[in-house]
Amino acid sequence: MGILRQFISKWRIRASYRKLHKDGGAPLLLYCIRGPSAPTASRDYQDFIDIVGSTRYVSIDAVVNGLEKSLTNMDDWWTNYEGDLKRLNMQFSNHACITSLPEDPSTSQSQGTIRDLIESYASRVP
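Residues numbered from 1 in each chain as written. Predicted model: local features only at pLDDT ≥ 70, side-chain atom pairs only at ≥ 80, totals over all residues. Heavy atoms only, no water.

J.: What exactly am I supposed to notice about the overall build of the chain here?
T.: What the chain contains, in helices and strands, is four helices and three strands. Classification of the 126 residues of the chain by burial places 32% in the buried group. Taking the intrachain contacts of the chain between residues at least 6 apart in sequence as the baseline, contacts between residues at least 24 apart amount to 69%. (Helix = DSSP H or I, 4+ residues; strand = E, 2+ residues; numbered from the N terminus. Buried < 20%, exposed > 50% of the residue type's maximum accessible area, 1.4 Å probe, protein only. Contact = heavy atoms within 4.5 Å.)

J.: What is the right way to look at the pattern of salt bridges in this model?
T.: Pairs can form between side chains of opposite charge once their charged atoms are near each other. Evaluated as defined, the whole model comprises two salt bridges. Across the pair Lys86 and Glu82 runs a salt bridge whose closest N-O atoms are separated by 3.5 Å. Pair noted here: Lys86 and Glu82 are both in helix α3 (residues 76-87), with a separation of four residues, about one helical turn. Residue class for Lys86 comes out exposed when judged on its relative accessible area of 55%. Of the charged contacts in the structure, one is a salt bridge between Asp84 and Arg87, with a shortest N-O distance of 2.4 Å. Here the residue Asp84 and the residue Arg87 both occupy positions in helix α3, the gap between them amounting to three residues, near one helical turn. By relative accessible area, which is 28% here, Asp84 ends up partly exposed. (Salt bridge = Lys/Arg side-chain N within 4 Å of Asp/Glu carboxyl O.)

J.: What should I look at first to understand the sheet that holds strand β2 (residues 59-65) in this one?
T.: Sheets are built from strands paired through backbone hydrogen bonds, the pairs being either parallel or antiparallel. Across the sheet, which stays open at both edges, the three strands sit in the order β1-β2-β3 with parallel pairing between neighbours. If you trace the sheet from one side to the other, it starts and ends with β1 (28-34) and β3 (95-97), each paired once. Taking each pair of neighbouring strands and ignoring which way they run, the sheet shows an average axis angle of 20 degrees. Relative to β2, β1 is paired through seven bridges, and the arrangement is parallel. Looking at the pairing, Tyr31 lines up with Ala62 of β2. Where helix α2 (residues 42-52) meets the sheet, its contacts fall on β1 and β2, and the angle it forms with β1 comes to roughly 165 degrees. (Pairing = 2+ DSSP bridges. Axes fitted to C-alpha atoms, helices over the stretch in contact; angles between N-to-C directions.)

J.: How do you make sense of the pairing of β2 when you look at a structure like this?
T.: Consecutive residues of a regular strand have side chains that alternate between opposite faces of the sheet. β2 sits mainly inside the fold: six of its seven residues count as buried. Alignment of β2 against β3, held across three bridges, turns out to be parallel. Each bridged residue has a counterpart across the sheet, and for Ala62 the counterpart in β3 is His95.

Purely spatial values, then, with no claim about function.
Set out below in structure tokens:
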């Protein structure tokens, strides 16, 4: 059943991206990673890149989630694992380390972090 789910998931992503591309494309894509499982995410990343094409054509930013209980400062995750992601050939233009749990006190800070990430990209686009 896992292979079927993976196939359907890839098909949905491919169909969504084709529609997005046909409608004018997207200059920025957010690639979400569950922090604790990031070292195993390289296969999914490669599938993603196969669908959207090279990172030369679109800016891909990493959003690392699931860091609620792992660190005092969520950005420390990126400091600790950025090298591992690069060794796995996972390349990102920028990143945000966040939590999305409604009851977590860091959620409003995380919302601001995502907003800042998108706004920083928008300010670089001519």
